[in-house]
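Each chain, letter by letter, is given below.
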Amino acid sequence: MNPFLDLGIRHEVVNAITEMSFEKPSPIQEKAIPVLLTGNDDFVGLAQTGTGKTAAFGLPLLELIDFTQKHPQALVLCPTRELCLQIAKDLEKFAKYIDNVSVVAVYGGANISDQLRQIRRGVQIVVATPGRMLDIIGRNAIDFSNVKYVVLDEADEMLNMGFQEDINNILSETPDTKKTWLFSATMPREVRRIAQNYMTDPHELTVGTKNTGNANIEHHYYLIKAKDKYAAFKRIVDYYPEIFGIVFCRTKIETQEIAEALVRDGYNADSLHGDLSQQQRDKVMKRYRDRSLQLLIATDVAARGIDVNDVTHVINFSLPDEVENYTHRSGRTARAGKTGVSLSLVNVKEQGKIRRIEKIIGKPFVKKEVPQGTEVCEKQLFAIVDKIRNVDINEEQINPFLPTIMESMQDLSKEDIVKRLASLEFNRFLEYYQNAPDLNLDARDSRSRDGGERGDRDDRRSRTASKGYTRLFMNLGSVDEFSRGDMLGFICNNANIPGKSVGKIDLKGVFTFFEVEDAEVNKVFEGFKGVDYNGRQVRIEVSGEERGGSREGRSRDRGSRGGDRRDRSRGERRSGGSSERRGGDRERGGFRDFSGKRKESRSRY
Ligand code: ADP
Ligand code: MG
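In this text the structure is predicted, and so the values were computed from the model without any measurement.

Peer 1: Looking at this structure, how should I read the nonpolar core?
Peer 2: Soluble globular proteins tend to bury their nonpolar side chains together. Ranked by internal contacts, the top residues of the largest apolar core, which has 46 residues, are Phe-57, Leu-59, Leu-61, Ile-125, Val-127 and Trp-181. Setting aside residues up to four positions removed in sequence, Trp-181 forms contacts with Leu-36, Asp-41, Phe-43, Phe-57, Pro-60, Leu-61, Leu-64, Tyr-149, Val-150, Val-151 and Leu-152.

And the structure:
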C-alpha cells in the first residue's frame, strides 16, 4: 500500500502526488501529517529547506478543508512572492483530482484587482505574502472570520525580512479558535516568541538538527586576492562543466556587473534583483528553471525562497553582510535529499567571517584550491568526451551525408578521429589557459614577495625557506586527500624524523612544499626512496637551488629556465591585467555555445 494512504491521505491526492513522483513521505511529512490531520493542535515544525514542508502542511489541509464551502478556511503566509506562487502551485497540483478546490496567491508587485476578483469568486485557501495580505484586509475585501488554519511558512525568513508587525496584524483578523502551524528552518528568539504569543501548547517537531545547516551541503572556501575574484570565480565555474548554480552578490549593481561580464564571456547567466519588474523577474526565473540559464546571479532578498531543484552549487561571490543569511543562501542547493556545494570566494580579511559562519552551520568549511589551468583543461576535456558519447543523433538527417563523410575520413583511424573531434573544443581551452596564473592567495603572495618575478606555476622552484630549514617539494598534495596533519605524519614516518624537525607545510592541489631542518634533509631523501603512494612514485626535490633564499640563487634559476620565454608570457599577463578576461571574451563565444538554445538565449540578452 502507498505509504501516504497509510498516513491517512485520500486516494485522489495520493494519485496526484504520485504523478509528481512522491513515492514515500519525507521525514517531516511522515511525522507532521498524522499530527496535523487531527486538526486539534497548534504546531511548530523545524526542518531545513528542501525537506518537503509544503506537502507536510498542504496534504493535511486538503483533508481538513470543506470544499463544498467557498469561504477562506486556510491562510498560508510566506516571505516572498516566488515562494507564494510556488506554494499555491504545489497545493493546486496536490488537489488536482479534488473537485471545487480554489487556491489564490496574494502577493505584491502584481495587479491587485485580479487578486481581488479571485477572492470575490470564492476561495478556500489563501497563500499570501504579509504586505499584500494586509493591503487586502485594509480594503475589507476578505473575510477571515471562518479561517480554521493559519500556516506561517519560513517563519524565520519572514521575521528576517521585517514582517513581524504585519503578521501580528493579520493574525488578529483571524478567529481565536484557529490552529496555527509554524514552519521554520531555524528557531531564533523571535520565532520562539511568536510561538509563545500566538499558540497554545504547540506540538513541536524537529527533523534533523536545529539551527544547523543541511547535512547534504558541503561548504567550501577559496582564499584569493580581492582583485582576482572574478578570474577565480570563472575558473571554478569552468572546473565544473555541469554546474547549475546560484551566485550571490551583495548589491544589485554587483549582480548586474557580474551577469554582464559573464554574458560577455559567453556564459549563460542573468541577474535577479529588486529593481526588476515582476515581469522581468518571472522571465529570468523561467529561463533559469528551463535551464536556458546556467548561472543565476542574485541578491539575498531576490533569491529568498527560490525553489529550484537540482541546483548543484551556491556560489558566494561575496559573503553576506549578515552571516545569518549564509544559511538561507546555501539552502538553495541540496534540496529534496540531493547533495550540493556552497562555495565562497574569500580574501584574507574575510576569513573571520568564515569562522563565524562555521559556528552557525555547526560544520567546518573545507579550504579548496582554485584549480590550475591544466586541471580545468582536464575536466573540460572529459566533459567534451561525455558530450560526444551522449549526443543525440538525428539518424534521418545525418544518414544521407554519411557516405561522403566516411569517404573523406577514410584515411583516418578511429583514434585520429577521436583526437580531432575532442580537440575541436579542447584546443581553445588549452590556448586560453596555457599561461593562466595560480590564483590561490598563497601562491600569489609568494610571487609578490619575490618581486613579481615568478612564472605561473614556477614558484615550486623559488620560494625561500626559513633559516636553518630546507624547502622541499613533494608530488603529492591535497587532491591526494592529505590534510596538513596527514602530510606531517607521512613525512615523519617515511623519513623517520621527529615532527619538530619539520617546518612549514604548504599543501597545494597536486603537490606540497615542506620545510625540513637542514640536518635532516638527507634522511628525507633516503626515507622516500622507492616509496609509492596509491601506485604513484613519491618524488622529493629541493625547491629551488638556493637555501635560505640568496638573490644569486634565484637569478640563476631564472636564467636556466629561459628568462626570455617567461618574460614574454609575463608581459602578456600584465598588459591590461586581465588576459584571463580578455582571453575569455575571445574563447568563450566559441566554446560555450554548443547548442542552438544557448545561442538564442545569448542574443536575446
Ligand atoms: P521546503 O518547504 O521544506 O523547503 P519543499 O516543500 O519546497 O521543501 O520541497 C522541496 C522539493 O522536494 C520540492 O520540489 C518537492 O516537490 C519535493 N518533495 C517534497 N516531498 C517529496 C516527497 N515525499 N517525495 C519526493 N519529492 C518530494
Ligand atoms: Mg518551503
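Peer 1: What am I meant to see in the site of ligand 1 here?
Peer 2: Close to ligand 1 lie 18 residues; Lys-24, Gln-29, Gly-50, Thr-54 and Asn-309 are nearest. The contact in question runs from an oxygen atom of ligand 1 to an N or O atom on the backbone of Lys-53, over 3.0 Å. In isolation ligand 1 has 560 Å² of accessible area, and contact with the protein removes 85% of it. Of the residues belonging to the shell around ligand 1, the class tally is four nonpolar, ten polar and four charged.

Peer 1: Explanation requested: the pairing of strand 17 (residues 512-517) in the structure shown.
Peer 2: Consecutive side chains along a regular strand alternate between the two faces of the sheet. Of all six residues that make up strand 17, five are buried, and the element is covered over most of its length. Here six bridges tie strand 15 (residues 469-474) to strand 17, and the two strands are oriented antiparallel to one another. Pairing of Thr-470 across the sheet is with Val-516, part of strand 17. Where strand 16 (residues 502-507) lies against strand 17, four bridges are found, and the strand directions are antiparallel.

Peer 1: It is not clear to me how the sheet that holds strand 4 (residues 125-128) should be interpreted in this structure. Could you clarify?
Peer 2: Pairing is parallel across the open sheet formed by seven strands, whose spatial order is 3-4-2-5-6-1-7. Lying at the two open borders of the sheet, with one neighbouring strand each, are strand 3 (103-106) and strand 7 (203-206). Neighbour to neighbour, the strand axes of the sheet diverge by 15° on average, direction disregarded. Strand direction decides the pairing type here: strand 1 (residues 43-46) and strand 7, joined by four bridges, are parallel. Opposite Phe-43, over in strand 7, you have His-203 as the bridge partner. The strands touched by helix 10 (residues 189-198) within the sheet are strand 1, strand 5 (149-152), strand 6 (179-184) and strand 7, with strand 6 carrying the most contacts at an inclination of about 170°.

Peer 1: Would you mind going over the packing of helix 17 (residues 373-390) against helix 20 (residues 414-433) with me for this structure?
Peer 2: Any two packed helices are characterised by the angle at which their axes cross and by the distance between the axes. Two numbers describe how helix 17 lies on helix 20: the axes approach to 9 Å, and their chain directions differ by 165°. Compared by their axis directions, helix 17 and helix 20 come out roughly antiparallel. When the axes of helix 17 and helix 20 are compared, the crossing they make is right-handed. Between helix 17, through Gly-373, Val-376, Cys-377, Gln-380, Leu-381, Ile-384 and Ile-388, and helix 20, the contact on the second element is made entirely by Leu-421, Ala-422, Glu-425, Phe-426, Phe-429, Leu-430 and Tyr-433.

Peer 1: Please explain the pattern of salt bridges as it appears in this structure.
Peer 2: Any two side chains of opposite charge can pair if their charged atoms end up close together. One pass over the full model with this rule turns up 21 salt bridges. Notably, a salt bridge pairs Lys-234 with Asp-265, separated by 3.0 Å at the nearest N-O pair. Here the residue Lys-234 occupies a position in helix 11 (residues 229-239), and Asp-265 occupies one in the loop between helix 12 (252-264) and strand 10 (269-272), the gap between them amounting to 31 residues. Accessibility assignment for this pair places Lys-234 and Asp-265 in one class, buried. For the salt bridge of Asp-321 with Arg-250, the shortest nitrogen-to-oxygen distance reads 3.5 Å.

Conventions and cut-offs
- Residues numbered from 1 in each chain as written.
- Chains lettered and ligands numbered in written order.
- Predicted model: local features only at pLDDT ≥ 70, side-chain atom pairs only at ≥ 80, totals over all residues.
- Heavy atoms only, no water.
- Core = buried A, V, L, I, M, F, W, Y, C linked by side-chain atoms within 4.5 Å.
- Buried < 20%, exposed > 50% of the residue type's maximum accessible area, 1.4 Å probe, protein only.
- Contact = heavy atoms within 4.5 Å.
- Near = heavy atom within 4 Å.
- Polar contact = N/O pair within 3.5 Å; in protein donor to acceptor, adjacent residues only side chain to side chain.
- Areas by Shrake-Rupley, 256 points an atom, 1.4 Å probe, with all protein chains shown as cover.
- Nonpolar A, V, L, I, M, F, W, Y, C, P; charged D, E, K, R; others polar.
- Helix = DSSP H or I, 4+ residues; strand = E, 2+ residues; numbered from the N terminus.
- Pairing = 2+ DSSP bridges.
- Axes fitted to C-alpha atoms, helices over the stretch in contact; angles between N-to-C directions.
- Parallel < 35°, antiparallel > 145°, perpendicular 65-115°, else oblique.
- Left-handed = near helix turned anticlockwise from the far one by under 90°.
- Salt bridge = Lys/Arg side-chain N within 4 Å of Asp/Glu carboxyl O.

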